[in-house]
Amino acid sequence: MHDQTIAFTTPPAAPRWKRWLLFSPLARIVIFMLMFLALSFATGKLMHALGWLGKDAPATIHGLAQLLMRALPALLAYLLLVRLVERRAVTELAPRRLLPDGALGTLAGLLLFSAVVGALYLLGSYHVTGTNPDVPWVPALLMVGLGAGIGEEIICRGVLFRIVEEGLGSWWALAISALFFGAAHIGNPGATLWSSAAIAIEAGLLFGMIYHLTRSLPLCMGLHAAWNFAQGTIYGIPVSGTPANGWLVSTRSGPDWLSGGVFGAEASVVALALCSLCTIGLLLVARRRGSIVRPAWRRR
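A few points on the structure. (Residues numbered from 1 in each chain as written. Predicted model: local features only at pLDDT ≥ 70, side-chain atom pairs only at ≥ 80, totals over all residues. Heavy atoms only, no water.)

We now examine the overall build of the protein. Broken down by element type, the protein carries 11 helices and two strands. Reading the protein from its N terminus to its C terminus gives the helix and strand order α-α-α-α-β-α-α-α-α-β-α-α-α. Its C-alpha atoms give the protein a radius of gyration of 20 Å, within 12% of the compact-globule value 19 Å for 300 residues. Here the protein holds 300 residues, and the buried ones make up 49% of them. Intrachain contacts of the protein at a sequence separation of at least 6 include 72% that bridge at least 24 residues. Put simply, the protein shows about 14,400 Å² of open surface, and 70% of that area lies on carbon and sulfur atoms. Measuring between centres, the 23 positive side-chain charges of the protein sit 13 Å from its 13 negative side-chain charges. (Helix = DSSP H or I, 4+ residues; strand = E, 2+ residues; numbered from the N terminus. Rg over C-alpha atoms; globule rule 2.2 N^0.38 Å. Buried < 20%, exposed > 50% of the residue type's maximum accessible area, 1.4 Å probe, protein only. Contact = heavy atoms within 4.5 Å. Areas by Shrake-Rupley, 256 points an atom, 1.4 Å probe, with all protein chains shown as cover. Lys, Arg positive; Asp, Glu negative; His and termini not counted. Charge placed at Lys NZ, Arg CZ, Asp CG, Glu CD.)

This is the structure we're talking about:
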């Protein structure tokens with residue numbers, strides 16, 4: 001185990017009450033969630049007050065409002081947690097890493113989902129019936145791409161995976177963050193227990209391992225945003241159950257376990273298999289590096 005994989009350790013001189021109520025993994029997760037909920041409420045009120053969520057608001061303004069509501073509370077709460085509670089540099093969001101890591105993640109997300117669509121096409125499940133060059137892609141990029149990519153990665157990888165890993169180790173962090181990520185999609189349109197399990201395995205584990213090996217949130221954000229954008233706006237496939245208009249007008253045929261059904265390709269065994277292969281490869285790299293973090297009580 002390499003110590004540099006742990007971003008925060010409790011100060012040795014911290015009094016007992018601080019160890020439990022401020023610095024423990026559970027306490028930091030609760031502190032983040034309280035700040036996140038308060039900031040989400042305030043951001044929502046502000047967007048309504050500005051009229052950016054009204055029926056008459058332009059689509060781009062509405063998309064910008066959704067981006068701010070999905071990303072800003074999580075980002076601000078995370079920065080406050082790291083700077084005020086953990087009192088350290090936010091290395092996982094270092095400015096010098098934003099563009100290169102974000103671009104690399106974006107490229108990886110486009111390639112990975114394109115591979116999923118390519119496999120579905122070869123298996124006779126994905127069909128292109130036309131094109132739609134007038135798709136309003138900017139609102140989709142803001143909401144489903146950047147909004148989901150930034151907000152969900154901060155919560156699931158920056159907070160849940162990272163902090164659980166510091167306490168319980170890498171294996172528990174992977175399991176808990178992946179299960180949470182899958183469960184968070186159970187209320188989506190067309191969701192089933194299978195679709196949530198598929199997202200937990202294919203995305204929850206994959207994103208967790210990417211963060212574990214790189215300690216880069218921009219990389220995870222770029223991949224997440226590009227996956228969503230490619231799925232909906234490029235290939236015209238529902239994004240986690242949300243209907244999408246794509247540049248390619250498409251249909252999918254075959255059994256739901258192959259096509260993903262109304263939920264989209266994320267519920268397909270093709271996406272599950274390809275993402276799982278990537279995850280297994282990353283696990284092998286982690287084992288070879290010796291970067292798997294042991295539980296806190298075994299590191300002492």
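The next thing to look at is unusual backbone geometry. Positive phi, close to 50°, is recorded for Arg215, a residue that is not glycine. For Arg215, the location among the structural elements is in the loop between helix H7 (193-214) and helix H8 (217-234). In this structure, Ser240 is a non-glycine residue whose phi angle is positive, near 50°. You can see Ser240 is positioned in the loop between H8 and strand S2 (248-252).

On to the layout of surface pockets, then. Put simply, the second largest pocket is a space of about 550 Å³. Taken together, 27 residues line the second largest pocket, and the ones lying closest to its centre are Arg70, Ala148, Glu152, His185 and His224. If you list the elements that add at least two residues to the lining of the second largest pocket, you get helix H2 (25-50), helix H5 (137-168), helix H6 (170-183), H7 and H8. Examining the composition of the lining of the second largest pocket, we find that eight residues originate from one element, H5, more than from any other. (1 Å grid on protein atoms, 1.4 Å probe; cavity = no way out; pocket = protein on both sides within 12 Å on 5 of 7 lines; lining within 4 Å. Points joined across faces, edges and corners; volume = space filled by probe spheres on them.)

Counted under the stated rule, the structure contains 10 salt bridges. As a salt-bridge pair, Glu86 and Arg88 come within 2.7 Å of each other at their nearest N and O atoms. The pair formed by Glu86 and Arg88 is uniform in burial state, with each residue classed as buried. On the basis of relative accessible area, Glu86 is assigned to the buried category, the value being 4%. (Salt bridge = Lys/Arg side-chain N within 4 Å of Asp/Glu carboxyl O.)

Our next topic: the nonpolar core. It is characteristic of soluble globular proteins that their nonpolar side chains tend to be buried jointly. By size, the foremost hydrophobic cluster in this structure holds 57 residues, and its most contacted members are Phe32, Tyr78, Phe113 and Val116. Contributing elements (two or more residues each) for this core: H2, helix H3 (59-86), helix H4 (95-122), H5, H6, H7, H8 and helix H10 (269-289). Setting aside its immediate chain neighbours within four residues, Tyr78 contacts Phe32, Arg88, Val90, Glu92, Leu93, Ile154, Gly158, Val159, Arg162 and Leu217. (Core = buried A, V, L, I, M, F, W, Y, C linked by side-chain atoms within 4.5 Å.)

So, about the packing of aromatic side chains. Within this structure, the stated rule accounts for nine aromatic pairs. Ring centres of Phe113 and Trp227 lie 4.9 Å apart, and the angle between their planes is 80°; on these two criteria the pair is classed as edge-to-face. Of this pair, Phe113 sits in helix H4 while Trp227 is found in helix H8, placing the two residues 114 residues apart along the sequence. Both residues of the pair, Phe113 and Trp227, count as buried. Centroid distance Trp137 to Trp247: 6.5 Å. Interplanar angle 50°. Geometry classified as tilted. Here Trp247 lies in the loop between H8 and S2 and Trp137 lies in helix H5, a separation of 110 residues in the sequence. Residue Trp247 is classed as partly exposed on the basis of its relative accessible area of 29%. Put simply, the rings of Phe113, Tyr126, Trp227 and Tyr235 touch in pairs and so form one group of aromatic residues. (Phe/Tyr/Trp six-rings, centres within 6.5 Å; stacked < 30°, edge-to-face > 60°.)

It is worth spelling out the packing of H5 against H6 at this point. The relative placement of two packed helices comes down to the angle between their axes together with the axis-to-axis distance. Remark: H5 packs on H6, axes separated minimally by 7 Å, with the N-to-C direction vectors making an angle of 150°. For the element pair H5 / H6, the angle class is roughly antiparallel. Considering how the two elements wind past one another, H5 and H6 form a crossing that is right-handed. Every residue of H6 that contacts H5 at Glu152, Ile155, Cys156, Arg157, Leu160, Phe161, Val164, Glu165 and Leu168 is listed here: Ser170, Trp172, Ala173, Leu174, Ile176, Ser177, Phe180 and Phe181. Split by residue class, the contact of H5 with H6 holds 12 nonpolar, two polar and three charged. (Axes fitted to C-alpha atoms, helices over the stretch in contact; angles between N-to-C directions. Parallel < 35°, antiparallel > 145°, perpendicular 65-115°, else oblique. Left-handed = near helix turned anticlockwise from the far one by under 90°. Nonpolar A, V, L, I, M, F, W, Y, C, P; charged D, E, K, R; others polar.)

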